[in-house]
Amino acid sequence: MLGARFTRVLVEDSTFQVMGKGNASNFPGHGNGVSRTAGFKLDLAFDLLTGSTVSQTFTHGTHQDKSLGKHLLNQINPGDLVIRDMGYFVTESFKLIGEMSAFWLTRVPTNVAITFSNGSSLEKRLRPLSNNFIDEEVSVGTCGMCARLVAVRADKKTAIQRRKARNARSKGRASSQALVRDGGHILLTNVSSDVTAKELFEIYALRWNIETRFKACKQSLNLGKVFKGVNNDDHYESLILAALIQQLIGFNLAAHLSQLKKGSAEYGKAI
């Protein structure tokens, strides 16, 4: 299905690796104004169809995903589908992807206004949601970007868990807008209705493949132990680059072997 509709399916995400606090001057992390923390961020984009890596970079831990996401824009081709999470949400980037004749699929941050053609807000539409389903064109944010929104009601248990977690993070100060949105699964895209809402949710679920890659990299290289202490910043930068190279070679080799296996299976069927 994916290969017939999209040239590539590019999934991008990042992961943060904690370091010893003594490295904070060279590799600062987010301390939330309470204490100094240290760490670096790995940003990865790969093609789900072939398994090949498209881009892989590292930076200090305070860089935002929406800033890192700009680098991928130079590598997008017509027909590509870009899947990202909310941290990369930038309407100008979505517009640029569309202008390249490519596609994007994302979840929606709670602070981004969504308005329907009749002027109703997303929250107003989600509250009744008697049919448990929305698939409509909407206006996004203050810029009024036009996009397709698909939403289904989350089950009661999931909605309760989300709201409890949000209230815990905000110490009981969660906005009513966020709490309403926690009651639904919401995606935004420029993909046409030729791809059904059900298919869009199935495609977005594949984004978790990248989490598996991050976990494999951290465990195989034992990054938590490697960067626990304090060391020369040049030495640590060399180790991080080595980790990136090792991950790149490993995953590209796995993708190549997968393609060979697939080719052999198809050859076997042919004869």
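Look above for the structure.
This section reports on the structure supplied with the text. Along every chain, residues carry numbers that run from 1 in the direction the sequence is written. Owing to the predicted nature of the model, reporting of local features is limited to residues with pLDDT of at least 70; listing and counting of side-chain atom pairs is limited to 80 or more, with chain, interface and lining totals taken over all residues. Excluding hydrogens and water, the side-chain figures rest on all heavy atoms present in the structure.

### Topic: the overall build of the protein
Put simply, DSSP H or I for four residues or longer makes a helix, DSSP E for two residues or longer makes a strand, and each gets a number counted from the N terminus. Looking only at helices and strands, the protein features 10 helices and 9 strands. Buried positions account for 42% of the 271 residues belonging to the protein. By definition, residues are in contact when any of their heavy atoms lie within 4.5 Å. Restricting to contacts in the protein with at least 6 residues of sequence separation, those with at least 24 account for 61%. Accessible surface for the protein amounts to roughly 14500 Å². Of this, 54% is attributable to carbon and sulfur atoms. Remark: exposure states derive from per-residue accessible area (1.4 Å probe, protein chains only) relative to the maximum for the residue type, with buried under 20%, exposed over 50%, and partly exposed in between. In this description, accessible areas are obtained by the Shrake-Rupley approach with a 1.4 Å probe, and a residue is regarded as covered only by the protein chains that are shown.

### Some thoughts on the environment of Arg-148
Relative to the helices and strands, Arg-148 is located in strand β8 (residues 145-153). Along the chain, Arg-148 and Val-191 lie 43 residues apart, while their C-alpha atoms are 7.4 Å from each other. In this structure the side chain of Arg-148 is engaged in a polar contact, spanning 3.2 Å, whose partner is the backbone oxygen of Val-191. Polar contact is the term for a pair of N or O atoms within 3.5 Å; when the atoms are in protein, one must be able to donate a hydrogen and the other to accept it, and sequence-neighboring residues count only if both atoms are side-chain atoms.

### Remarks on the packing of aromatic side chains
Stacked, tilted and edge-to-face are the three classes applied to pairs of Phe, Tyr and Trp rings, where Trp contributes its six-membered ring and a pair requires centres within 6.5 Å; stacked means planes under 30 degrees apart, edge-to-face means over 60, and tilted covers the rest. Using the criterion set out here, one finds 3 aromatic pairs in the structure. Considering the side-chain rings of Phe-6 and Phe-103, the 5.7 Å spacing of their centres and the 70° angle between planes classify their relative orientation as edge-to-face. You can see Phe-6 sitting in the loop between α1 (2-5) and β1 (9-19) and its partner Phe-103 sitting in strand β5 (residues 103-107), a full 97 residues away along the chain. Considering the side-chain rings of Phe-94 and Trp-104, the 4.1 Å spacing of their centres and the 20° angle between planes classify their relative orientation as stacked. Here Phe-94, found in helix α3 (residues 91-99), pairs with Trp-104, found in strand β5; they are 10 residues apart in sequence, far enough to count as distant. Accessibility assignment for this pair places Phe-94 and Trp-104 in one class, buried. Here, a charge over a ring is recorded when the distance from Lys NZ or Arg CZ to the ring centre is within 6 Å and its angle to the ring normal is within 35 degrees. The aromatic ring of Phe-116 is capped on one face by Arg-125, whose charged end is 4.4 Å from the ring centroid.

### Topic: helix α5 (residues 156-169)
Expected helix span is computed as 1.5 Å times (number of residues minus one). Counted at 1.5 Å a residue, the expected span for α5 with its 14 residues is 20 Å, and the 20 Å between its end C-alpha atoms agrees. Lys-171 occupies a position one or two residues after α5 and carries a positive phi of about 55°.

### Notes on the pattern of salt bridges
Salt bridges are defined by distance alone: a side-chain nitrogen of Lys or Arg within 4 Å of a carboxyl oxygen of Asp or Glu. Considering all chains together, one arrives at 14 salt bridges under this definition. Of the charged contacts in the structure, one is a salt bridge between Arg-84 and Glu-12, with a shortest N-O distance of 2.8 Å. Of this pair, Arg-84 sits in strand β4 (residues 81-84) while Glu-12 is found in strand β1, placing the two residues 72 residues apart along the sequence. Across the salt bridge formed by Glu-211 and Arg-207, the nearest N and O atoms sit 4.0 Å from each other.

### Some thoughts on unusual backbone geometry
Where the residue is not glycine, phi is negative for most of them; where a peptide bond is considered, it is trans in most cases. Positive phi, normally seen in glycine, also occurs at Ser-101, with a value near 60°. In this fold, Ser-101 is placed in the loop between α3 and β5. Its relative accessible area of 49% is what places Ser-101 among the partly exposed residues. Of note in the backbone geometry, Lys-171 takes a positive phi value of approximately 55° without being a glycine.

### Observations regarding α3
Taken as a whole, α3 has its buried residues at Thr-91, Ser-93, Phe-94 and Ile-97. Each buried residue of α3 lies within a common arc of 160° when the element is viewed along its axis, so the set occupies one face. In this fold, the buried residues of α3 make contact with β4, β5, β7 (133-140) and β8. A positive backbone phi angle near 60° is found at Ser-101, which sits one or two residues after α3. Note: the arc covers the axis-to-C-beta directions of the helix.

### Here's the deal with the pairing of β7
Two strands are counted as paired when DSSP detects at least two bridges linking them. The pairing of strand β6 (residues 114-116) with β7 spans 3 bridges and is classified as antiparallel. The partner of Ile-114 across the bridge, within β7, is Val-140. Between β7 and β8, which pair antiparallel in sequence order, lie 4 residues; one of them, Gly-141, sits at a positive phi of approximately 65°.

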